[in-house]
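Structural description and commentary
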Amino acid sequence: MNIGKYQFYSKGQAQTKIDALGFSTDEDGNKYPTHSHAIVHLGNIVLEQAVIDEDGEIETEAVLSGDWHVDVLWVGLEADEDGTIDHPYGWKSKSVDINGDGVHAFFGLNYDSLKF
Amino acid sequence: MANLLDEASILLTPTAYNNGSMLAVKPENGDGDFTFSRNSAATRVNAQGLVENVQILSSNLVSNGDFSQEGSELVTNGNFVTDSDWLLENGAVINNGSVNLLGNNSKFRQTPLISGKSYKLVYEVISTDGGSFRFQDGVTAFMDVPQTIGIHTYYFKSTGDRVQFQATSAIDARIDNVSVKEVGQDWNLGTGWSIGNGVAISDGSATGIQQNPLLTIDSTYQITATVAGNPSLLVFNSSSFYEPLSSRTLSNGTNVYILKAKSINFGITNAGADICDITNISVIEITNDTNLPRIDYTDGCGSWLLEPQSTNLITQSELFSNAAWTKKVNASITSNVVISPNGTLNSDTITWATSGSATQLYQVKNITGTSQSLSIFIKYISGSGTNFRFSIGTIAGKGINLTFTNNGATLTGVAEVDVDSYKIEDYENNWFRVSFTANYANSNCEFNVYRPLGTGTDVYAIYGAQLESSISYATSYIPTQGASSTRLRDIATNSGIGSLIGQTEGSVFFDLNTTLKNYSVISISDGTNANRVVFYFSAVSNQIASYITKSNVNSSTISSIVNSYPNSNYKVVIKYNSIGFYIFANGGLIGTIPSNYSFPNNTLNEIKLSSPDNSNFFEGKVKNITVYNQLLTDSEAIALTTI
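The sections below set out a description of the structure shown in this document. Nothing here was measured: the structure is a model prediction, and the numbers come from that model.

Quick word on the sheet that holds strand E41 (residues 431-439) of chain B
Residues and elements named next belong to chain B. Ordered by their spatial adjacency, six strands build an open sheet running E33-E34-E43-E36-E41-E40, and the pairing between neighbours is antiparallel. Edge positions in the open sheet fall to strand E33 (332-339) and strand E40 (419-426), since each of these has one partner strand only. Adjacent strand axes in the sheet meet at a mean angle of 30°, parallel and antiparallel pairs treated alike. Pairing of strand E34 (residues 345-352) with strand E43 (residues 458-469), which is carried by five bridges, proceeds in the antiparallel orientation. When the bridges of E43 are listed, Asp-348 appears paired with Ile-462.

Let's talk about the sheet that holds strand E44 (residues 484-487) of chain B
Strand order in the open sheet made by the three strands is E11(A)-E44(B)-E31(B), with mixed pairing throughout. Looking at which strands have only one partner, the edges of the open sheet turn out to be strand E11 (104-106) of chain A together with strand E31 (310-312) of chain B. Adjacent strand axes in the sheet meet at a mean angle of 25° when their direction is disregarded. In this structure, E31(B) lies alongside E44(B), joined through three bridges in antiparallel fashion. Of the residues in E44(B), the one forming a bridge with B:Ser310 is B:Arg487.

Quick word on the pattern of salt bridges
Enumeration according to the criterion identifies 23 salt bridges over all chains in this entry. Two residues, A:Asp86 and A:Lys92, come together in a salt bridge whose shortest N-O distance is 2.9 Å. When its relative accessible area of 29% is taken as the criterion, A:Asp86 is described as partly exposed. With its nearest N and O atoms 3.0 Å apart, the salt bridge here joins B:Arg294 to B:Glu307. With B:Arg294 in the loop between strand E28 (276-286) and strand E29 (295-296) and B:Glu307 in the loop between strand E30 (303-306) and E31, the pair connects residues that are 13 residues apart, well separated along the chain. Across this residue pair, the class does not change: B:Arg294 and B:Glu307 are buried. Overlapping salt bridges bring together B:Arg38, B:Arg294, B:Glu307, B:Arg487 and B:Asp490 as one network.

Rules behind the numbers
- Residues numbered from 1 in each chain as written.
- Chains lettered and ligands numbered in written order.
- Predicted model: local features only at pLDDT ≥ 70, side-chain atom pairs only at ≥ 80, totals over all residues.
- Heavy atoms only, no water.
- Pairing = 2+ DSSP bridges.
- Helix = DSSP H or I, 4+ residues; strand = E, 2+ residues; numbered from the N terminus.
- Axes fitted to C-alpha atoms, helices over the stretch in contact; angles between N-to-C directions.
- Salt bridge = Lys/Arg side-chain N within 4 Å of Asp/Glu carboxyl O.
- Buried < 20%, exposed > 50% of the residue type's maximum accessible area, 1.4 Å probe, protein only.

Functional significance is not addressed by these values, which are geometric in nature.
See the structure below:
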């Protein structure tokens with residue numbers, strides 16, 4: 001397993017990449033993934049927290065990222081001929097590398113140990 | 001009637017599991033075991049009624065991790081009721097139930113200390129003329145001990161063996177109630193570290209604290225520590241753990257890391273030059289296994305628990321004093337004072353001395369979709385027990401109003417108009433998990449508790465706040481400590497078992513319930529949708545349904561509304577042969593479709609807790625799946641499904 005953190009220009013751009021991983025449609029027309037990776041849309045994450053006064057009122061609004069953020073737990077990626085496991089094609093350019101979990105974690109998994 | 005246990009080819013009950021498999025009772029050779037995956041941790045309610053992370057293997061291995069442990073009293077006659085036990089010099093005298101420092105260099109002492117250990121000194125200055133004194137351990141003089149009238153506490157690390165007060169100027173002062181107890185037991189403190197009131201304090205020296213031996217080499221641990229200050233390089237030791245520096249560096253606040261041991265010694269080092277405090281250190285052994293099935297005891301007896309992927313958007317689900325929570329002026333939080341639903345002293349209390357909007361405690365999170373599920377554990381401590389509102393913001397209609405009675409043993413709720421569903425689950429020791437799902441489409445959602453009305457002071461313990469977006473019910477608790485956290489989907493399948501499944505005729509028995517009331521599916525198939533026996537719960541409350549597909553031709557669907565039996569389960573038998581297929585539920589035949597549903601040999605070869613194509617996953621609890629490779633009689637089906 002590997003964990004990747006990604007930053008897209010828009011939700012639509014992220015969804016296009018996710019759909020390219022594979023999906024099918026059930027008999028009722030509902031889309032479902034045909035891959036075994038776990039994807040979490042974080043959306044426009046908070047870059048700077050809101051400032052709140054002692055009465056609980058917002059003094060300064062939170063600053064949100066203009067980009068759409070996605071975390072992926074990759075399951076069963078195959079190593080290349082050099083034994084290296086990398087992001088699937090087209091994902092590496094959207095990846096971001098941070099220390100620690102950042103704003104989101106997969107329960108019980110250590111991002112620093114599982115990142116590419 | 002045949003012995004139905006002997007007749008079963010596969011019998012799966014919640015009895016045993018390994019990482020990656022749910023172990024079947026029959027057959028004993030393992031062919032009936034279900035393959036299981038989730039790829040993350042998850043919590044369950046264990047047989048003792050406690051909320052438990054299934055990856056946890058041990059209790060807290062650290063002794064005295066909150067530095068609150070105190071040893072026995074080391075001073076004799078500290079209240080000076082007799083003129084004994086103390087060595088008095090240069091004018092010091094015991095009389096009238098206290099000791100009198102009288103004149104420069106007057107002093108009194110005992111010698112109970114051991115050099116290198118940490119101690120808590122308590123004493124009372126009854127009177128003073130303003131002259132000065134110091135505390136002495138025989139080697140080091142502590143000049144900064146408080147000297148004003150009153151009771152004082154002073155922590156120090158000894159370099160000698162004395163408990164000695166010594167005047168450093170002309171003085172007439174009386175001291176009483178001298179107490180010295182060892183603190184910081186079980187820890188080795190480096191130079192520059194000392195013990196304070198429930199903390200270990202670093203003066204910025206590049207040294208550390210250790211507890212040895214503690215770890216097992218190559219085992220994995222969840223390590224938690226709370227830091228005050230802004231250390232630039234306070235780390236779990238590189239000699240203790242394999243992980244890189246960035247994965248074991250501590251910062252201000254609560255730190256949680258998962259680390260793998262490369263030594264038996266556990267240590268923390270202040271490699272920066274910053275003053276800081278550390279406390280609440282816990283080291284819990286966990287397994288790296290991420291595919292552990294869950295046997296859940298929420299309703300009192302064990303069931304396999306299967307849930308979808310879900311994220312707890314609340315970023316501090318237990319530490320309500322954290323800045324992630326907004327506390328209005330009349331909401332007061334006290335940390336770690338009540339035994340929580342996980343059995344440890346880590347639940348906070350909220351105190352409302354008044355009522356109104358200024359009592360709010362809340363956290364705002366970005367959401368998607370229209371169904372928002374909020375949940376929290378609550379326990380009554382004192383006060384009226386009424387007017388506890390748990391809601392989305394203070395918006396009318398989107399919350400639940402709670403009332404405790406019987407001194408907190410009973411909790412009832414009144415849901416407001418926009419609440420689609422709510423649940424109050426009774427846990428051990430007067431804890432309740434309250435959850436509700438509301439129809440709410442917005443860019444963000446405010447998880448809010450407050451007291452809108454009432455007088456007097458109300459106190460409640462709270463724990464495990466959870467906000468799940470785009471999901472129609474609250475799933476099992478997902479703890480968070482600084483970031484949102486995602487538990488992944490439980491997936492169970494059993495394939496390559498054609499010899500154990502009836503082909504020309506067969507039967508299957510389920511004892512289960514679902515938390516998803518629409519297409520929560522269990523299937524027996526050839527691995528495709530072309531040949532399958534499908535059982536599912538429909539969108540209609542209490543409606544179960546089934547159909548068979550043979551050579552890509554679907555049968556009609558049998559569906560019926562059937563009430564669940566206690567613990568909200570359903571007992572169902574599906575049987576099929578060359579004459580038709582039949583469904584029995586809760587003691588009766590609910591539908592038949594006459595046609596040839598005999599499959600060619602070795603067609604049906606897998607069971608999935610989903611559709612054959614891995615869509616429509618079953619979500620709920622399973623007590624029993626039993627497969628027969630022959631047709632049960634009607635009386636046997638009725639007997640199996642009778643409540």
